[in-house]
There are 2 protein chains.
Amino acid sequence: MENRNRQVLLKRRPTGAPTPADFEVTDAPLPDPAEGEVLVRGIYLSLDPYMRGRISGVRSYAQPVEVGAVMEGRVVGEVARSRDPAFREGEYVLGGYGWQLYSAVSAKGLLKLDPAEAPLSAALGVLGMPGLTAYVGLDEIGKPRRGETVVVSAASGAVGAVVGQLSRRAGTRVVGIAGGSDKCRWVEAELGFDACIDHRSADLGIALDRVCPKGIDVYWENVGGAVQQAVFPRLNDFGRMVMCGMVAEYNDVEPRPGPNLTSAVRKRLKIQGFIVSDQWQRFGEYRAMAAPLLKSGELKYREDIVDGLDRAPEAFIGLLQGRNFGKLVVKLGDDPTRRV
Amino acid sequence: MENRNRQVLLKRRPTGAPTPADFEVTDAPLPDPAEGEVLVRGIYLSLDPYMRGRISGVRSYAQPVEVGAVMEGRVVGEVARSRDPAFREGEYVLGGYGWQLYSAVSAKGLLKLDPAEAPLSAALGVLGMPGLTAYVGLDEIGKPRRGETVVVSAASGAVGAVVGQLSRRAGTRVVGIAGGSDKCRWVEAELGFDACIDHRSADLGIALDRVCPKGIDVYWENVGGAVQQAVFPRLNDFGRMVMCGMVAEYNDVEPRPGPNLTSAVRKRLKIQGFIVSDQWQRFGEYRAMAAPLLKSGELKYREDIVDGLDRAPEAFIGLLQGRNFGKLVVKLGDDPTRRV
């Protein structure tokens, strides 16, 4: 074990798009777990769009990251030292904290991971928070029904990939929207979406009309911006717009105008937002459903693994621009379960 | 019985605000009821904001009124001739059709009215479509809970007045928004709202902050425009926006921008539209609930009765500008139940 703990701190709140200068990579003393805590050696750190909200000063459902504090993030790791009888050294856990190599966290918040069930990193993506997000948003708001058309933005991303695959299992026509032909090819060929539109190349409205001949019943909103403008007027009567995120607008300094809502009356639309952290109690239910599908290959995913904590700021900046391809994860240290 | 039938036709589709020249008052032959039909002599005609949608060409949930056709509207009247065994001459009914003095309509669509239960005209307002609108919108979307704050736009109108009173009965703080001090006074003093804001006089945002110290949990949207802009950012976490109508924008030639929806994620907002005609099956349930409250004086209402069919176009134009005070009704002919 090293005796220093590398960390990424929030140096200042970004205005607009974050830059590397908004973060500071530093070394701190190794944390000392208290009674009931566990020292986790991080193996994988999850980078997710919601973090953009945490580093702005906007009133929100969660505490912002303070300037000078370690950046927030969920970590999969290995128990390096345990001061709780429920955990032993060498066990794998979900629940380490922050953009740092080591964290001392309460044992109560940890979930043991079985590397035979799924790769450890999956607990940050397809079997983790993003997967649960897809599951509860569809179950509580989207409610896709057989024969309907579901459109998913950021379709190759951690959430979108699961949304589309679960929607297909519900018997819907699923159309993805993604940035770039590589992503679209993968979404169609690997994930099995009925179609995927590259929002960078096409007139999105014309493309949507072509691949959604019966209109759009459910729109899974991950991005906002021009994609939202193209999809919204194409929602069918009784359409549902699942408001999961609007990553294309997170760096905006001034909010853009949204869609005129007159059609929400005429078409009886439902536009509803949600936050997965309100639904942690369903995590076990989701994992019980999804883990067997993952193992059998019926549920597919892709990871974009960046090597080394020092590259986290740059990877996060790229995430907000859609530069990742699949669930973005930072490898913090050695993964003994993937050594060959 | 006259042998001519005075009617108001749609002469042309208005662009922007309708003008009297968009309508034509004419005389037609008295309609002849077929087997299973009833000839209704109209006593009261309901004028409602939704009619603006019916005379534009926009795709909608209902057929538009064709140019040259009688304007759509619901009528309370007296059976003048019956060719259905279930109805006798002289009975009062809800279900006459259109901006005209007489209509021949299927007996199946008629509801008998008991003048001892409530004034006949109430079947067009507080005990009619607008009342049912308030009831189902609250029951299915708004779901006001004890201690919450409900804001109702067009608070003195046919729908808003019922929304506010039912919400108060659910134990909420109710704040109305209306145009003019007379309306606001009546909403507070007669309907018993906790407060009413005149959107014409005040800085609406400041006024809302003052009378909604705990924010806004439910917003009943009747108007759109500047009122929506002021209310939307003040919705609390888990706020519900019941999209009933946006009358302030119905005459717009180009849609205005709407609110940016990023906060819908962060605050887990629900923005949902509905159309009362999807819910006619609940009409009996609503009337059974509301009629006793009306009789006991616990449910209050106000009508703005305009005398004579010829004045319907002018009254409808005024409705879209908020010139009416209470449920707007056109008196088509003698009401034998109100003769003294």
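Residues numbered from 1 in each chain as written. Chains lettered and ligands numbered in written order. Predicted model: local features only at pLDDT ≥ 70, side-chain atom pairs only at ≥ 80, totals over all residues.

**Describing the overall build of chain A**
Counting its secondary structure elements, chain A contains nine helices and 15 strands. Taking 2.2 N^0.38 as the reference for a compact globule, 340 residues should give roughly 20 Å; the C-alpha atoms of chain A span a radius of gyration of 20 Å, in line with that estimate. Overall, the C-alpha framework of chain A stretches about 60 × 45 × 35 Å when taken along its three principal axes. Of all 340 residues assigned to chain A, the portion counted as buried reaches 52%. Excluding contacts between residues fewer than 6 apart, the proportion of contacts in chain A whose partners are at least 24 apart in sequence is 65%. (Helix = DSSP H or I, 4+ residues; strand = E, 2+ residues; numbered from the N terminus. Rg over C-alpha atoms; globule rule 2.2 N^0.38 Å. Buried ≥ 20, exposed ≤ 12 C-beta atoms within 10 Å, placed from the backbone. Contact = placed C-beta atoms within 7 Å.)

**Notes on the packing of helix H2 (residues 129–142) of chain A against helix H3 (residues 158–169) of chain A**
All names here are of chain A. Where H2 contacts H3, the two axes come as close as 8 Å, and the packing angle between them is 45°. Accordingly, the angle class assigned to the pair H2 and H3 is oblique. Crossing angle aside, the handedness with which H2 passes H3 is right-handed. For the pair formed by H2 and H3, the contact residues are Pro-130, Gly-131, Thr-133, Ala-134, Tyr-135 and Leu-138 on the first element and Ala-158, Val-159, Val-162, Val-163, Leu-166 and Ser-167 on the second. (Axes fitted to C-alpha atoms, helices over the stretch in contact; angles between N-to-C directions. Parallel < 35°, antiparallel > 145°, perpendicular 65-115°, else oblique. Left-handed = near helix turned anticlockwise from the far one by under 90°.)

**Some remarks on the sheet that holds strand E9 (residues 173–178) of chain B**
Strand order in the open sheet formed by 12 strands is E10(A)-E9(A)-E8(A)-E11(A)-E12(A)-E13(A)-E13(B)-E12(B)-E11(B)-E8(B)-E9(B)-E10(B), and the pairing between neighbours is mixed. Each end of this open sheet is capped by a strand with a single partner; those strands are strand E10 (195–198) of chain A together with strand E10 (195–198) of chain B. The sheet shows a mean angle of 15° between the axes of neighbouring strands, direction not considered. Pairing of strand E8 (residues 149–153) of chain A with strand E11 (residues 216–221) of chain A involves three bridges; the strand directions are parallel. Residue pairing in the sheet places Val-151 of chain A in a bridge with Tyr-219 of chain A of E11 of chain A. (Pairing = 2+ DSSP bridges.)

**Topic: the confidence of the model for chain A**
With 99% of its residues at a pLDDT of 70 or more, chain A has an overall mean of 96. Taken over the whole predicted complex, pTM reads 0.95, whereas the ipTM for its chain interfaces reads 0.94. (pLDDT = per-residue confidence, 0-100.)

**Some remarks on the pairing of strand E13 (residues 270–273) of chain A**
With burial as the criterion, each face of E13 of chain A is covered, one bearing Lys-270 and Gln-272 of chain A and the other bearing Ile-271 and Gly-273 of chain A. Across four bridges, the pairing between strand E12 (residues 235–243) of chain A and E13 of chain A is parallel. Residue pairing in the sheet places Met-243 of chain A in a bridge with Gly-273 of chain A of E13 of chain A. Inspection of the sheet shows E13 of chain A paired to strand E13 (residues 270–273) of chain B by three bridges, in the antiparallel sense.

**Concerning the nonpolar core**
Core analysis: the largest hydrophobic core is formed by 214 residues, its most contacted members being Tyr-44, Val-151 and Val-330 of chain A together with Tyr-44, Val-151 and Val-330 of chain B. Those residues in contact with Val-151 of chain A that sit more than four places away from it in its chain are Val-175, Ile-177, Cys-212, Ile-216, Tyr-219, Trp-220 and Val-231 of chain A. (Core = buried A, V, L, I, M, F, W, Y, C linked by C-beta atoms within 7 Å.)

**Observations concerning H2 of chain A**
Residues spaced three or four apart along an α-helix face the same direction, because each turn holds 3.6 residues. Residue and element names in this part refer to chain A. Most of H2 sits out of view: 12 of its 14 residues are buried. Among the residues of H2, those classed as buried are Met-129, Pro-130, Gly-131, Leu-132, Thr-133, Ala-134, Tyr-135, Val-136, Gly-137, Leu-138, Ile-141 and Gly-142. Downstream of H2 by one or two residues, Lys-143 has phi in the positive range, about 45°.

**Some remarks on the relation of the copies chain B and chain A**
The two chain copies are connected by a rotation around an axis plus a translation along it. By a simple turn and slide, chain B fits onto chain A: the slide is 0.0 Å along the axis, the RMSD is 0.0 Å, and the turn is 180°. The relationship between the two copies is best expressed as a two-fold rotation axis. Mapped onto chain A, 100% of the interface residues of chain B again fall at the interface, so both copies present the same surface. (Least-squares fit on C-alpha atoms with pLDDT ≥ 70 in both.)

**A closer look at the interface of chain B and chain A**
How big an interface is tends to be stated in terms of the accessible area lost upon association of its parts. At the junction of the two partners, chain B supplies 30 residues and chain A supplies 30 residues. Taken together, the elements giving at least two residues each to the side of chain B that touches chain A come down to strand E12 (235–243), helix H7 (262–266) and E13 of chain B. The residue makeup of the side of chain B that touches chain A, split by class, is 14 nonpolar, nine polar and seven charged. (Nonpolar A, V, L, I, M, F, W, Y, C, P; charged D, E, K, R; others polar.)

**Side note on the environment of Gly-131 of chain A**
All names here are of chain A. Note on placement: Gly-131 falls in helix H2. Put simply, Gly-131 and Val-67 are 64 residues apart on the chain and 30 Å apart in space, counted from C-alpha to C-alpha. Here Gly-131 is in contact with Gly-125, Val-126, Val-162, Tyr-286 and Ala-290, once residues within four sequence places are set aside.

**Structural notes on the environment of Ser-201 of chain B**
Along the chain, Ser-201 of chain B turns up in the loop between E10 and helix H5 (204–211). As a C-alpha pair, Ser-201 of chain B and Pro-144 of chain B span 57 residues in sequence and 28 Å in three-dimensional space.

**With respect to the pairing of E12 of chain A**
The side chains of a regular strand alternate between both faces of the sheet. Where E11 of chain A and E12 of chain A come together, five bridges link them in parallel fashion. Paired with Ile-216 of chain A across the two strands is Leu-235 of chain A, which belongs to E12 of chain A.

**Digging into unusual backbone geometry**
Positive phi values are uncommon outside glycine, yet Lys-143 of chain A reaches one of about 45°. On the secondary structure map, Lys-143 of chain A appears in the loop between H2 and E8. C-beta crowding within 10 Å serves as the criterion here: with 15 such atoms nearby, Lys-143 of chain A is assigned to the partly exposed category. With a phi angle near 55°, Arg-268 of chain B is a residue other than glycine that sits in the positive phi range. Inspection of the secondary structure puts Arg-268 of chain B in the loop between H7 and E13. Look at Arg-268 of chain B and you get partly exposed, because 19 C-beta atoms sit within 10 Å.

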